[in-house]
Amino acid sequence: MLKFKKALNLVLLIIFLCEEVALAVPGNNCTLRPPMLSKLTSNVLPSIVTVETEDNKIIELKTSHFPDKEIYLRIMNPGVVNEASVIITSSLNSSEDLVKVIILLDDLKRNGAKNIRLVLDKEYDIKNNLDRLLRFYCDQLFCNSTVSSATPLEAIKKDEGPHLVTKVFYEHRRLEQDAKEAADYINAASERIELVKPDESPLSWKVNIKSELRGEDIILVHTTENVYDFAELWVMLIALREAGVNTISLINTYEGYSRQDKEFNPGEAVSAETMLKTLDALVDNHMALNVHYADNSGKVENKSDPNAFVNKYTLYNLNAFVQLAENLFDRIAVWSERNLAEELNKHPLVLVGPDDGALGYAEEAAELLKNYIQKKYDIDITVNVGYMDKKRISGKEVQIEGRVLGKDGNSIATVSNIRDCWVMILDDETSWGTTLLASTYALVRKAGVAWSRVLTGVVHGKLARGSEPFITGHNENDIIAAVKNGVAIEPKQEYVNETKKLMPPRLFVTTKSIVLPKDFPEDQRVSIGLIVAHAAKTFVGQKVPLHELRRPQVEAI
């Protein structure tokens, strides 16, 4: 017994010291990430799942989490799957179980499984038709030993509209104001959908809908930033369909699982496609803010690759860079000691993407910001646009050069000297803040831009470390006083990493598209109410048809 305890302690110590440990479980190669030993068991993803072929060949899986807790799944021996009849045995006791199984089922299909049998570990009392969603991805469904009579969910025949929307629904209370603003904008009513959850398994959840909805055109404002959100959304959409609505238009403030948009290694689940495919089958219209695999607003498509998965489905992308840029510019207007027009003449304005992938978003935002400044401040200026040359070293490390490049890949030519400019660095998403900090360092240390004129913002602030990466050691009054007195100011040295070339910007803002840390300052949170309202407007009457979505934000602003 003593030897056994010593061996167990050694294993736990190794797990604690390593970044990750792969456990060879029959049919499931699970990865443990050990931030806390007391939570070691709960970190296994999720309940044990066994996958094998009918001729008893084990299908090996690797599962882990991305830093933002999204599920990563890979079939390690995809050759075994092709043309095979596959049996999956699993529990469905949580939202994580449900999402993982859906991703796995779709990955098996992608890798050529000709028949999939899903066997749940016990009898579940399913009253919300999630079993029909499971049947959408598998050929047979068993609850323990009983075959399910559920018929596969059928993808709807889309009616893209536009429509006369009567109700704007929401479930998260933090989206209440956005839904109300959208409803007011189109003269509709807003209403909360209530979910009743007897236990953690989504199979038991029920939806309370107060209104009679048969034949109505409705909008649902939601987010899919975690497995719970996805499970809730699927349950709600199925319930709304069962209630007999005419059309459902989804405004998704965050399109989760967008990162894994291709198979980087053989057998990897393309979870971005799985989630898009599922929602596309349930809604008539699907809009989202700054989807990771898109680079401008409008219908998401890949013209260079006709076989790309985005071309199979309909998703409209909304660009919230506009809201970030307006928010940051209003602060410049407040800070300007001299006449604002004079300030902008001396220090031109540049919107910068941290890489070329954000350039399209930045170009659109620059055009709309110019109109915003003209309308609100009666100043006609050029809003310059560029991007930085970024090389990703790892998930937490990037290398960025000090040059701001134009669309042609050369140094930006629309300003005489970047060091004289106000620079707004805008990005679609951040988890660790590394890209924004590396961009700030490059602009200040390499390009010579005054730190007090470097402002940053992201649409989706996942903020794995909260506000910590953006601490400068100064309050705003310190910075304003230094600028007024002509004193150069930078973050206090303990907040600058000279080795890794990271520097916090003067200011960081993010939208309310996802849940932010409780300690994140309220005045650095940017409302998305206007863009949600604009998205809602596209479904009403003939005011803004969907095919004109690329430009109408000018009118909304």
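Summarised in this report is the structure supplied together with it. (Residues numbered from 1 in each chain as written. Predicted model: local features only at pLDDT ≥ 70, side-chain atom pairs only at ≥ 80, totals over all residues. Heavy atoms only, no water.)

### Details of the overall build of the protein
Check the secondary structure of the protein and you find 13 helices and 25 strands. Looking at the protein as a whole, 57% of its 557 residues are labelled buried. In the protein, the share of contacts with a sequence separation of at least 24, taken over all contacts with a separation of at least 6, comes to 70%. Of the roughly 24400 Å² of accessible surface on the protein, 48% is carried by carbon and sulfur atoms. (Helix = DSSP H or I, 4+ residues; strand = E, 2+ residues; numbered from the N terminus. Buried < 20%, exposed > 50% of the residue type's maximum accessible area, 1.4 Å probe, protein only. Contact = heavy atoms within 4.5 Å. Areas by Shrake-Rupley, 256 points an atom, 1.4 Å probe, with all protein chains shown as cover.)

### A look at the packing of aromatic side chains
Centre-to-centre distance and the angle between the planes together describe a pair of aromatic rings. If you walk through the whole model with that rule in mind, you get ten aromatic pairs. Consider the rings of F230 and W234, whose centres lie 5.7 Å apart with planes at 50 degrees: the pair is tilted. A residue pair is termed a helical-turn pair when its members lie 3 or 4 positions apart in one helix, as F230 and W234 do in helix α5 (residues 227-242) at four residues. The burial state of F230 is the same as that of W234; both residues are buried. A ring pair is formed by F230 and Y257, whose centres lie 5.6 Å apart and whose planes are at 65 degrees; its orientation type is edge-to-face. (Phe/Tyr/Trp six-rings, centres within 6.5 Å; stacked < 30°, edge-to-face > 60°.)

### A look at the side chain of S211
The residue S211 is located in the loop between β13 (206-208) and β14 (217-222) in this model. Separated by 2.7 Å, the side chains of S211 and K167 make a polar contact. A distance of 2.6 Å separates polar atoms of two side chains, one belonging to S211 and the other to E191. Those residues in contact with S211, other than ones at most four positions away along the chain, are K167 and E191. (Polar contact = N/O pair within 3.5 Å; in protein donor to acceptor, adjacent residues only side chain to side chain.)

### Regarding the sheet that holds strand β17 (residues 298-299)
In a beta sheet, neighbouring strands pair by backbone hydrogen bonds and run either parallel or antiparallel. The sheet built from seven strands is open, its strands ordered β11-β10-β14-β15-β16-β18-β17 with mixed pairing. Single-partner strands in this sheet number two, and they are β11 (189-192) and β17. As defined by bridge partners, strand β10 (residues 167-170) adjoins β14 across four bridges and the pair is classed as parallel. The partner of Y170 across the bridge, within β14, is V221. (Pairing = 2+ DSSP bridges.)

### Some words on the sheet that holds strand β3 (residues 50-53)
Strand order across the open sheet formed by five strands is β3-β6-β7-β8-β9, with mixed pairing between neighbours. One side of each edge strand has no neighbouring strand; the edge strands of this open sheet are β3 and β9 (146-147). Pairing between strand β7 (residues 115-120) and strand β8 (residues 140-143): four bridges, direction parallel. Bridge pairing in β8 places V119 opposite F142. Of the strands in this sheet, β7 and β8 are in contact with helix α3 (residues 130-137), which crosses β8 at around 135 degrees. (Axes fitted to C-alpha atoms, helices over the stretch in contact; angles between N-to-C directions.)

### What to know about the packing of helix α7 (residues 321-335) against helix α9 (residues 359-377)
Contact pair α7 / α9: the axes reach a minimum separation of 9 Å and the direction vectors enclose 45 degrees. In terms of their interaxial angle, α7 and α9 are classed as oblique. By crossing handedness, the relation of α7 to α9 is classed as right-handed. From α7, F321, V322, A325, E326, F329, D330 and A333 reach across to α9, where they touch Y361, A362, A365, L368, L369, Y372, I373, K376 and Y377. Residues that form the contact of α7 with α9 fall into these classes: 13 nonpolar, no polar and three charged. (Parallel < 35°, antiparallel > 145°, perpendicular 65-115°, else oblique. Left-handed = near helix turned anticlockwise from the far one by under 90°. Nonpolar A, V, L, I, M, F, W, Y, C, P; charged D, E, K, R; others polar.)

### Let's talk about α7
Look at α7: 21 Å from first C-alpha to last across 15 residues, which is about the 21 Å you get at 1.5 Å a residue. Within the sequence span of α7, burial applies to F321, V322, Q323, L324, A325, E326, L328, F329, R331, I332 and W335. (Expected span 1.5 Å × (residues − 1).)

### A word on the nonpolar core
Counting residues in each nonpolar core, the largest one holds 74 residues, and the members touching the most others are I219, Y293, L349, L351, L369 and M424. With nine residues, the top contributor of residues to this core is α9. Once residues within four sequence positions are removed from consideration, Y293 is found in contact with S258, D261, A272, L276, V300, F309, V310 and L315. Counting residues in hydrophobic clusters, the runner-up holds 63 residues, among them A84, I88, L195 and W205. (Core = buried A, V, L, I, M, F, W, Y, C linked by side-chain atoms within 4.5 Å.)

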